[in-house]
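Listed below are the residues making up each chain.
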Amino acid sequence: MDIQSFEKLHFNLPSPIQPLEDELFVQKNIKVFMKRDDLIHPIVSGNKWRKLKDYLLIAQKDQIKGIISFGGAYSNHIFALGYVCKELMIPLHLIIRGDELTHTSNSYLTQLHDWGIHLYFISRENYQKKIIPGGLSTTNKLIIPEGGFSHEGVHSIQSLANEIIDLSFQELFVSVGTGTTLLGLAKYLPTININGVLSLSNRAEIENNASLMEVEWSNIKLFEKKFGMKYGKKNTELEEFCIHFQHKFQIAIEPIYTGTMIFKFYELVKNNYFKPETKIVLIHSGGIK
Ligand SMILES: *Cc1c(COP(=O)(O)O)cnc(C)c1O
């Protein structure tokens, strides 16, 4: 199926922007909104569709015979890509970090396997070097980098930027994995302060990614995450914060990305980081699957 028609049929776009009402925001005299990219699709996590669309358009234009991509066993990127490829009947080969794993190691891998996705489990060492297993031919296949990070990935964030640009926000907050979403927003929203909250401890990598993508750093600020959250490990204070937020606003957030970002944002608000009358948008990048 044509990618534009596929998007029209299956994705809820543009996503809504809603005000967040909190006494704290009234007290500090700031206006806070949330961009609900989590509502784009129930399986294809928020920013993952934004990032994948340009690649799929290329796959369509070049009549590619398959896609190869990379990810960890819990990666939202590979799960979103798996679902989309299943729906579009594009053969997908996923190279997964960890040769101790199999398709029964977790429910996401099992689901991908059941969708007919080809899974290749490689050692962490080979994964680091992004080695493509010997038996897997790359002829006529499109390779999507880990997390969708590349010029195409950054470019595809323009669709998200266009849905925000006319709304006179001064500050934007977004969670950061590879930084693809952050860099796209910084590039296409040059008049807004783009604040990224790191989910990993990879500040140097993000700064390097910015120069690789030739994105100006002038409107970007990066914040470290508050907690030493590891993928798959729990932090009670952060978990409780996410549950409390969900009760208060009826918006589900997970601790690794959006929860970490919003936690940091609240800390800044409490510390009077924002001038009165500041208009702020928080990007809900999804991750609830
Ligand atoms: C993947 C992901 C991110 C990170 O996006 P990058 O563009 O890699 O920085 C943020 N939030 C959620 C929910 C994600 O799944």
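Scroll up a little and you will see the structure.
So, here is what we can say about the structure in this document.

Reading the values: the criteria
Residues numbered from 1 in each chain as written. Predicted model: local features only at pLDDT ≥ 70, side-chain atom pairs only at ≥ 80, totals over all residues. Heavy atoms only, no water. Buried < 20%, exposed > 50% of the residue type's maximum accessible area, 1.4 Å probe, protein only. Helix = DSSP H or I, 4+ residues; strand = E, 2+ residues; numbered from the N terminus. Pairing = 2+ DSSP bridges. Axes fitted to C-alpha atoms, helices over the stretch in contact; angles between N-to-C directions. Near = heavy atom within 4 Å. Polar contact = N/O pair within 3.5 Å; in protein donor to acceptor, adjacent residues only side chain to side chain. Areas by Shrake-Rupley, 256 points an atom, 1.4 Å probe, with all protein chains shown as cover. Nonpolar A, V, L, I, M, F, W, Y, C, P; charged D, E, K, R; others polar.

## Description of the pairing of strand 2 (residues 31–36)
At step 1: Among the 6 residues in strand 2, 5 count as buried, and that is most of the element.
At step 2: Bridge analysis of strand 1 (residues 17–19) against strand 2 gives 3 bridges, and the strand direction is antiparallel. The residue bridging proline 19 from the neighbouring strand is phenylalanine 33, located in strand 2.
At step 3: Where strand 2 and strand 10 (residues 279–284) come together, 6 bridges link them in parallel fashion. If you follow valine 32 over to strand 10, its bridge partner there is isoleucine 280.

## Structural notes on the sheet that holds strand 4 (residues 92–97)
At step 1: Spatial ordering of the open sheet is given by 5-4-3-6, a layout of 4 strands whose pairing is parallel. Where the open sheet ends on each side, the last strands, each with one partner, are strand 5 (118–122) and strand 6 (141–144). Averaged over all adjacent pairs, the angle separating strand axes in this sheet is 20°, with direction ignored.
At step 2: Examined bridge by bridge, strand 3 (residues 66–71) and strand 4 share 5 bridges and lie parallel to one another.

## Quick word on helix 9 (residues 180–188)
At step 1: Most of helix 9 is tucked away: 8 of the 9 residues are buried.
At step 2: For helix 9, the set of buried residues is Thr180, Thr181, Leu182, Leu183, Gly184, Leu185, Ala186 and Tyr188.

## Observations regarding the site of the ligand
At step 1: Lys48, Asn76, Thr178, Thr181 and Ser285 are the nearest of the 16 residues found near the ligand.
At step 2: Lysine 48 places a side-chain nitrogen or oxygen 2.7 Å from an oxygen atom of the ligand.
At step 3: Contacts to the ligand include glycine 177, whose backbone N or O atom sits 2.7 Å from an oxygen atom.
At step 4: Contact with the protein chains removes 97% of the 390 Å² of surface that the ligand exposes when unbound.
At step 5: Broken down by secondary-structure element, the contributors of at least two residues to the shell around the ligand are helix 3 (46–61), strand 7 (171–176) and helix 9.
At step 6: Of the residues forming the shell around the ligand, the biggest block, 3 residues, is contributed by helix 3.
At step 7: Taken together, the residues that form the shell around the ligand break down as 2 nonpolar, 12 polar and 2 charged.

Honestly, that's just the spatial picture; any functional story needs more than this.
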